[in-house]
Amino acid sequence: MSKTNSKMQYGPADRPPLGEWLPLSVQHVFAMFGSTILVPILVGLQPTTALFTAGTGTLIYILLTKAKVPAFLGSSFAFITPLIAISSQYGWPYAMGGAFCSGLMYALIAFIISRAGSGWIHRALPPVVIGSVIVVIGLNLAPTAMSMAMYENTSDPSTYSLVYLSIALFTLAVTVVFNVFFKGFFSVIPILMGLFAGYLFTLIMGFIFPAYAIIDFTPVKTAAWFGFPSFALPKFALVPILTFIIVSFATICEHLGDTLVISKVVGENFYEEPGLKRTLLGDGLATTWASLWGGPPNTTYGENVGVLALTGVYSVWVTGGAAVIAIILSLFPKFGALIQTIPNPVLGGISMLLFGVIASSGLRTLVDSGVDYQDKRNLTISSIILVIGIGGGLLKFSIGSALEFSLGSVALATLVGIILNLIIPAKKN
């Protein structure tokens, strides 16, 4: 087994023994599950369909990237607004048509890169931009983790619950203990152990204090044992297509940032091999594929990147196994419903560590690359990226009478960072 950094337990091409492989893959499923099913719930699609398209989309991505990038693809939050707007105005077939074309836009950009090369990437994204963007990606997710950990209703701060926070902190503590103090296999499944301990703790608390019984098994009882997503052809119209294509430029910027994060975590240059032309193509065709089943567009998941960084297990066999498990869960709604019973504070406790690890990877990039903050140019670029990305910067304008384009947070910070790096002259030696 080859190693590119000291933390690595398994490299991208390494296949763990079956006894380790299964729980390692299950760990990734737990990490992505909440966000993957949340998007379809918010926009009115079937959660089981999103699981199916996430799993199959990840396998498409693995195939097109020559099984070299240990990424997991799940439902994209960036497309929530256009999905709701287009479906309400034109109907779901046209929303899926727009999503289909946004995936093809990825493929077009991938083709241009295959012809023009990716040398421009290195000029546009030096370490000061890369590291700062990675920090933004991690810290941009921090409010989500804390909302799940503290609030009964994640969008309503008035629902603060000390019980929720205690569950989250207990889950976090168990995860940290397994990650820091245990050796061998248990040290690479801290998330799985934290989830199990947090779930059990919540059940026990519910039995002792019925008022705090927050796990509801009713959806498990009512869910069907078997179901299969239905194939549906999308329809096409100019405005839905243009809307989704414009939004895809924002998600392409996110793809650049996510691929940077995975590269830094694993210690490989995925911009070069398998190359952006393949990672973009895999991401795009996964979205095009999802649209044929009525699933939301896909994107690489920060939650799963956090699992990679925390465990040192970078095996594509593991993320591919997670994809297969997601597909199986999508075909058995009752098992999917069981996973949905995992309480938000348990997921919040796990996320407090996962998202922080991503941000720390950005700091490591800045340190390892020797970025000089005595240089006002570096200080300026990094500062502006951090404020726009963490502060919720937003570029928004209307498209027609009822739709609008928005570019915010990570995507806007990445774009601004690239522009600043290109226009601010470097200090001459």
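Above this text is the structure in question.
The text that follows walks through the structure, step by step, so that each part is easy to find. (Residues numbered from 1 in each chain as written. Predicted model: local features only at pLDDT ≥ 70, side-chain atom pairs only at ≥ 80, totals over all residues. Heavy atoms only, no water.)

### Some thoughts on the packing of helix 2 (residues 47-64) against helix 14 (residues 316-331)
And step 1. Put simply, helix 2 and helix 14 touch, their axes get as near as 8 Å, and they point 150° apart. For the element pair helix 2 / helix 14, the angle class is roughly antiparallel. At the point where helix 2 passes helix 14, the crossing takes the left-handed sense. Contact with helix 2, carried on its side by Thr 48, Leu 51, Phe 52, Gly 55, Thr 56, Thr 58, Leu 59 and Ile 62, involves Val 316, Thr 319, Gly 320, Ala 323, Ala 326, Ile 327, Leu 329 and Ser 330 of helix 14 and no other residues of that element.
And step 2. When its residues are assigned to classes, the contact of helix 2 with helix 14 shows nine nonpolar, seven polar and no charged. (Axes fitted to C-alpha atoms, helices over the stretch in contact; angles between N-to-C directions. Helix = DSSP H or I, 4+ residues; strand = E, 2+ residues; numbered from the N terminus. Parallel < 35°, antiparallel > 145°, perpendicular 65-115°, else oblique. Left-handed = near helix turned anticlockwise from the far one by under 90°. Contact = heavy atoms within 4.5 Å. Nonpolar A, V, L, I, M, F, W, Y, C, P; charged D, E, K, R; others polar.)

### Some points on the environment of Met 150
And step 1. Here Met 150 lies in helix 7 (residues 142-150).
And step 2. For Met 150, a relative accessible area of 17% puts it in the buried group.
And step 3. Along the chain, Met 150 and Ser 161 lie eleven residues apart, while their C-alpha atoms are 5.7 Å from each other.
And step 4. Not counting residues up to four positions away in its chain, the partners in contact with Met 150 are Thr 159, Tyr 160, Ser 161, Tyr 164 and Leu 165. (Buried < 20%, exposed > 50% of the residue type's maximum accessible area, 1.4 Å probe, protein only.)

### Re the environment of Ile 350
And step 1. Within the element layout of this structure, Ile 350 appears in helix 16 (residues 344-368).
And step 2. A C-alpha to C-alpha distance of 22 Å links Ile 350 and Phe 217, two positions 133 residues apart in sequence.
And step 3. In this structure, Ile 350 is in contact with Thr 171, Thr 175, Ile 191, Gly 194 and Leu 195, ignoring residues within four places of it in sequence.

### Topic: the nonpolar core
And step 1. Among the nonpolar cores identified, the biggest contains 85 residues, and Leu 125, Leu 195, Ile 262 and Ile 342 are the most heavily contacted of them.
And step 2. Look past the residues within four positions of Leu 195 in its chain and what remains in contact with it is Phe 30, Thr 171, Ile 342, Val 346, Leu 347 and Ile 350.
And step 3. Of all hydrophobic cores here, the second largest spans nine residues; its members include Ile 86, Ala 99, Phe 244 and Val 247. (Core = buried A, V, L, I, M, F, W, Y, C linked by side-chain atoms within 4.5 Å.)

That is the geometry; function is a separate question.
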